[in-house]
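# Tertiary structure, described
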Protein chains: 2
Amino acid sequence: MKSTVGVIGGGQLARMMIPPAVALGVTIKVLEEAPGMSAELAATAVGDYRDLDTVLAFAQTVDVVTFDHEHVPQHVLHALVDAGVPVRPGPDALLYAQDKLLMRQKITELGLPSPDWAAISDADELGAFLETHGGRAVVKTARGGYDGKGVRVVDDKNGADDWFIALAEDGRGGSLIVEELVDFVRELAQQVARRPSGEIVAYPVVETVQKGGVCAEVIAPAPTAGDAVAGASDRTVADEARDIAVRIAEGVGVTGMLAVELFETRDGRVLVNELAMRPHNSGHWSIDGAVTSQFEQHLRAVLDLPLGSTRPREEWSVMINVLGGPVGQLMQDRYPAVAERFPAVKLHSYAKESRPGRKVGHVTLTGASLDGVLTDARAAAAYFD
Amino acid sequence: MKSTVGVIGGGQLARMMIPPAVALGVTIKVLEEAPGMSAELAATAVGDYRDLDTVLAFAQTVDVVTFDHEHVPQHVLHALVDAGVPVRPGPDALLYAQDKLLMRQKITELGLPSPDWAAISDADELGAFLETHGGRAVVKTARGGYDGKGVRVVDDKNGADDWFIALAEDGRGGSLIVEELVDFVRELAQQVARRPSGEIVAYPVVETVQKGGVCAEVIAPAPTAGDAVAGASDRTVADEARDIAVRIAEGVGVTGMLAVELFETRDGRVLVNELAMRPHNSGHWSIDGAVTSQFEQHLRAVLDLPLGSTRPREEWSVMINVLGGPVGQLMQDRYPAVAERFPAVKLHSYAKESRPGRKVGHVTLTGASLDGVLTDARAAAAYFD
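A short tour of the structure in this document, coming up. None of these values were measured; they are calculated from a predicted model.

## A few points about the pairing of strand S9 (residues 184-194) of chain B
All names here are of chain B. Among the eleven residues that make up S9, nine are buried, leaving the element largely enclosed by the rest of the structure. Across ten bridges, the pairing between S9 and strand S13 (residues 256-265) is antiparallel. In the strand pairing of S13, Ala-193 is matched with Met-257. Here three bridges tie S9 to strand S11 (residues 206-211), and the two strands are oriented antiparallel to one another. Residue pairing across strands places Leu-188 opposite Glu-207, the latter belonging to S11. Looking at chain direction, S9 and strand S10 (residues 200-202) are connected through three bridges and run antiparallel. Its bridge partner lying in S10, Val-192 is registered against Ala-202. Taken together, S9 and the strand that follows it, S10, pair antiparallel across an intervening segment of five residues, in which Gly-198 is found at a positive phi of about 110 degrees.

## Some thoughts on the interface of chain A and chain B
Each side of the interface is counted separately: chain A has 39 residues, and chain B has 39 residues. The largest contributions to the chain A side of the interface with chain B come from Val22(A), Leu41(A) and Arg313(A), which together make up 18% of the buried area. For the interface between chain A and chain B, the tally reads six salt bridges. Where Glu314(A) meets Arg311(B), a salt bridge forms, and the shortest distance between an N and an O atom there is 2.9 Å. Scanning the region where chain A abuts chain B turns up 22 residue pairs in polar contact (both at pLDDT 80 or more). Taken together, the elements giving at least two residues each to the side of chain A that touches chain B come down to helix H1 (12-24), helix H10 (294-302), helix H11 (335-341) and strand S16 (346-349) of chain A. If one sorts the elements of the side of chain A that touches chain B by residue count, H1(A) sits on top with seven residues. Grouping the amino acids of the side of chain A that touches chain B by side-chain chemistry returns 21 nonpolar, eight polar and ten charged.

## Observations concerning unusual backbone geometry
In this structure, Pro221(A) follows Ala220(A) across a cis peptide bond, with omega equal to -10 degrees. Assignment of secondary structure puts Pro221(A) in the loop between strand S12 (214-220) and helix H8 (236-252). Although it is not a glycine, Asp304(A) sits at a positive phi angle of roughly 55 degrees. Relative to the helices and strands, Asp304(A) resides in the loop between H10 and strand S15 (316-323). Backbone geometry at Ala351(B) places phi at a positive 55 degrees, although glycine is not the residue there. Within the secondary structure, Ala351(B) sits in the loop between strand S16 (346-349) and strand S17 (359-367).

Definitions and cut-offs
Numbering of residues starts from 1 in every chain and runs along the sequence as written. Both sets of labels track the order of writing: A upward for chains, 1 upward for ligands. For this predicted model, a pLDDT threshold of at least 70 governs which residues receive local features, and a threshold of 80 or more governs which side-chain atom pairs are given and counted, while totals over whole chains, interfaces and linings are taken from all residues. Note that the side-chain values use all heavy atoms of the structure and ignore hydrogens as well as water. Categorising residues by exposure relies on relative accessible area from a 1.4 Å probe, with only protein chains included: less than 20% of the type maximum marks a residue as buried, more than 50% marks it as exposed, and the intermediate range marks it as partly exposed. For helices the rule is a DSSP run of H or I covering at least 4 residues; for strands it is a run of E covering at least 2, with both sets numbered from the N terminus onward. Pairing between two strands is assigned when DSSP locates at least 2 bridges connecting them. The contact criterion used throughout is that any non-hydrogen atoms of two residues lie within 4.5 Å. Take the accessible area each of two parts loses on contact, using a 1.4 Å probe, and add the two losses: that sum is the buried area. A carboxyl oxygen of Asp or Glu within 4 Å of a side-chain nitrogen of Lys or Arg is what we treat as a salt bridge. Any N or O atom pair separated by 3.5 Å or less is treated as a polar contact, with the protein-specific requirement of one donor-capable and one acceptor-capable atom, and with residues adjacent in sequence counted only for side-chain atom pairs. All amino acids are sorted into three groups, where Ala, Val, Leu, Ile, Met, Phe, Trp, Tyr, Cys and Pro are nonpolar, Asp, Glu, Lys and Arg are charged, and the leftover types, Gly among them, are polar.

See below:
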């Protein structure tokens, strides 16, 4: 069995692939951007993921290449493929996680539900969209956005002029995307894994709570109407979410984990918001809450191993991100206080120094009562603020 | 918080400390005996754990020293303590895991139940013990035994002559231990963790099935009479087992994990068999089956962090060792066949080449039905034979 996985990027997603690699006996090697990153333990090379020679040299030391992020340029990805390196997900799939305009076009082509959207090239086109959508809309850059960056709510046709100017200066031209401001009751995320041979498994759909464009809290599974939680809806939402993600995974040819961020609307529809083709923040609960974590699943998928069970180990899992905290402090400095009060809370540190708003870790709690789990997880997480 | 743990020994127990260290953001460094051992990923030094200079130099790079095995000599341990290194468990506790004669004396001194036993210095003393114990007994060397080595059933007063000769040649003198052949219905193992500040937590007592002196299978928790399984007994056995382990942990001053191997007798008594002061094969189920694995618990304990919940995540966990398999093959060569048929089975490879009888990994399955879990876990494990 081929069993050396190379991960491009040394962030926390690469870090969290290390534990399942150790369990499975899979060798993991990381190309990190700079020394001392989160996945340092498995780093075997340091360098720029945009530099073809650096990436090619790294790829020669592994059986399959995968990613901590989606920023490796297409020409580098294609050069890897041309050199015979298995790249998972491949460039033709990854393209839709790199470019939001292509993604919107593809989702529409697949007949899947998006918010109303348009490609716009100037302020007049933005103005026209605003006029037919109540005067407010979301504008996004096609490339380079994450965690709320490259996304802006505008109520004026000139509200994205700086981005139009930047696009023009870039010389490559291109458009921005404008989308209707969806009147959603909550945000969901659906994760699936697909291996090269075609097998797909789905996790339960989860509810995500964003703060300032950043994922703050995840409840797995997303509560349904029967659970009598505010904002809950019918069970068919879970079926719809799963079907959408499976159709995207197949339609785009994803290998590895795929996360589909979704809006659930007041009138019970589910709309595709964003895609990520890697383990995703909305799936961190699975480390402690599912039989197979998203990180193990990603390794299985990129190695074309049969996929693992996605069954939750307990009824409810709540994951809360640790954002920031006192500058310069490590998350583990607060462990004694938290661990003493919450012995069942799982502590995950990314070994990164705190800066305001920086994701430095997360906590997860699982159990039979959603109310109890949610209350305790929030109380535990508060120690890290 | 002090957070660099140094592990002496590069075997699979050190390896299995890596995943929780990564999750907690704890730095783990391993002194391995030779390059390329099971815990290679975290190895920062290679050398002989019996060599004081090697061990002292390694200890200077970490905040606390702990162990993959119990073979570090007392004089080395004491030199570490004298140099101000926190050693957990400390030499005065570890002594009772290193020397079975001292252990028997201590267990008896603590008023805890042992099989009938005696220290013997020659064949006549062995003969006398045999006469009063039905003509058969177990003879053990005080030091150097593990996985069935240094343990022998004898029915003749001259059955341990080679060991007496070896002891005499050793020049240090010393005795062998003889113990009654216990008429047990099953073997149990009780694990507890104790931190320097005194806090103790206990795992559920488990049933262990030995084959050829080696642990083959573990059922967690040990079935009770109510579960209607052959060999089952009353729930009070669990209480007794826990109380015995707690009294040993306190009486000996263990820090870290303590495993107490026990015999359950036909007449409902629980007798102490062996001790181990480290994560133990009987606790591997906890990686997938408990809120806090024994490996995370060991790290918490040696760092004097508050201990984690020992609650099982599901009703039943079954762990089966993978022993041997085709020579030269890696466990992962069989993954495709196993993973396809058993998507919920957790696969753990120690990245060691197979040799007959060598522990190269284990599988764990958890679920609500003991019968189902046991059947499927055994079927999955059989693929690795």
